[in-house]
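Remarks on the overall topology
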Amino acid sequence: MKHIENNKLELANNNNSIDKINNLVNLIKNYLSGEEINLYQKINNLDIEISFEKKFPTVFAQKVMKFLIENVQYGKTTTYSDIGEAIGSKAFRAIGNVMKSNPLPLIIPCHRVIRKNGGLGGFMGKMDKVWQTNLKLTLLKLEGSR
DNA sequence: TGCATAATAACGA
DNA sequence: TCGTTATTATGCA
């Protein structure tokens, strides 16, 4: 009997792909129900590798991502120009481009990046009053930033 | 290389 | 508030 329990334990610790996906789904559910969780951190804890370094081969893009993940936590917002200042660049527009090519929205919080003048900015490649942009606003409201 | 593009910002009228 | 320009990384030809 003991070996069965051990097997169960092993299975639980083994974290196969299905387990990981279920965990991920639960995380996102919790997040969407208003729980203040740092998705990127939690996912790292789940031993799910999100190698955005591969997706962003340039130093510039990696700086942007790093800044986002390390400094823009739940409920915080930043602006395109803030990021530029933080990474020593004036390429505000280019930063927007990096966001657009973000393969993991939500997890890499590009929805927390807004315009300096208080406007929303775009989301998922769209600029204005489309569902993607409304989703951005919804997420910010969820986090209490708006 | 050179050019067009972009989820920007700042300025003038 | 609208139009124009400044400015920079990226992708593609």
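Use the structure listed above.
Description of the structure in this document. (Residues numbered from 1 in each chain as written. Chains lettered and ligands numbered in written order. Predicted model: local features only at pLDDT ≥ 70, side-chain atom pairs only at ≥ 80, totals over all residues. Heavy atoms only, no water.)

**Considering the protein's contact with DNA strand C**
Lining the immediate environment of DNA strand C, one finds T58, F60, A61, K90, A91, R93 and A94. By atom count, sugar and phosphate contribute 72% of the portion of DNA strand C lying within 4 Å of the protein. In this structure, R93 approaches DNA strand C through a side-chain N or O atom, which is 2.9 Å from a base nitrogen. The set of elements that each furnish at least two residues to the surface near DNA strand C consists of α5 (59-71) and α7 (92-100). (Near = heavy atom within 4 Å. Polar contact = N/O pair within 3.5 Å; in protein donor to acceptor, adjacent residues only side chain to side chain. Helix = DSSP H or I, 4+ residues; strand = E, 2+ residues; numbered from the N terminus.)

**Here's the deal with the packing of α5 against α7**
Taken N-terminus to C-terminus, the directions of α5 and α7 make an angle of 75 degrees; their axes are 10 Å apart at the nearest point. Between α5 and α7, the angle is such that the two are roughly perpendicular. Contacts from F60, A61, V64, M65 and L68 in α5 reach A94, I95, V98 and M99 in α7. Of the residues belonging to the contact of α5 with α7, the class tally is nine nonpolar, no polar and no charged. (Axes fitted to C-alpha atoms, helices over the stretch in contact; angles between N-to-C directions. Parallel < 35°, antiparallel > 145°, perpendicular 65-115°, else oblique. Contact = heavy atoms within 4.5 Å. Nonpolar A, V, L, I, M, F, W, Y, C, P; charged D, E, K, R; others polar.)

**Some words on α7**
Within α7, the full set of buried residues consists of I95, V98 and M99. All buried residues of α7 fall inside an arc of 100 degrees around its axis, so they share one side. Among the exposed residues of α7, those oriented more than 90 degrees off its buried face are R93 and K100. Close packing links the buried residues of α7 with α5, α6 (80-86) and β2 (113-114). (Buried < 20%, exposed > 50% of the residue type's maximum accessible area, 1.4 Å probe, protein only. Arc of directions from axis to C-beta.)

**A few points about the protein's contact with DNA strand B**
Around DNA strand B sit 15 residues in total, of which Y80, R93, M99, K100 and M127 are the nearest. Counting only the atoms of DNA strand B that lie within 4 Å of the protein, the sugar and phosphate share comes to 49%. At a separation of 3.2 Å, a base nitrogen of DNA strand B approaches a polar backbone atom of G125. Those elements that place two or more of their residues in the surface near DNA strand B are α6 and α7.

**Notes on unusual backbone geometry**
A positive phi angle, close to 65 degrees, is found at D47, a residue other than glycine. According to the relative accessible area criterion, D47 is exposed, its value standing at 53%. Here M124, not a glycine, exhibits a phi torsion of approximately 50 degrees, which is positive. Its place among the elements puts M124 in the loop between β2 and α8 (131-143).

**Quick look at the pattern of salt bridges**
In this structure the tally under the stated criterion is one salt bridge. A salt bridge links R112 to E143; the nearest nitrogen and oxygen atoms lie 2.8 Å apart. Taken together, the residues span a long stretch of sequence, with R112 in the loop between α7 and β2 and E143 in helix α8 at a distance of 31 residues. By relative accessible area, E143 is classed as buried at 7%. (Salt bridge = Lys/Arg side-chain N within 4 Å of Asp/Glu carboxyl O.)

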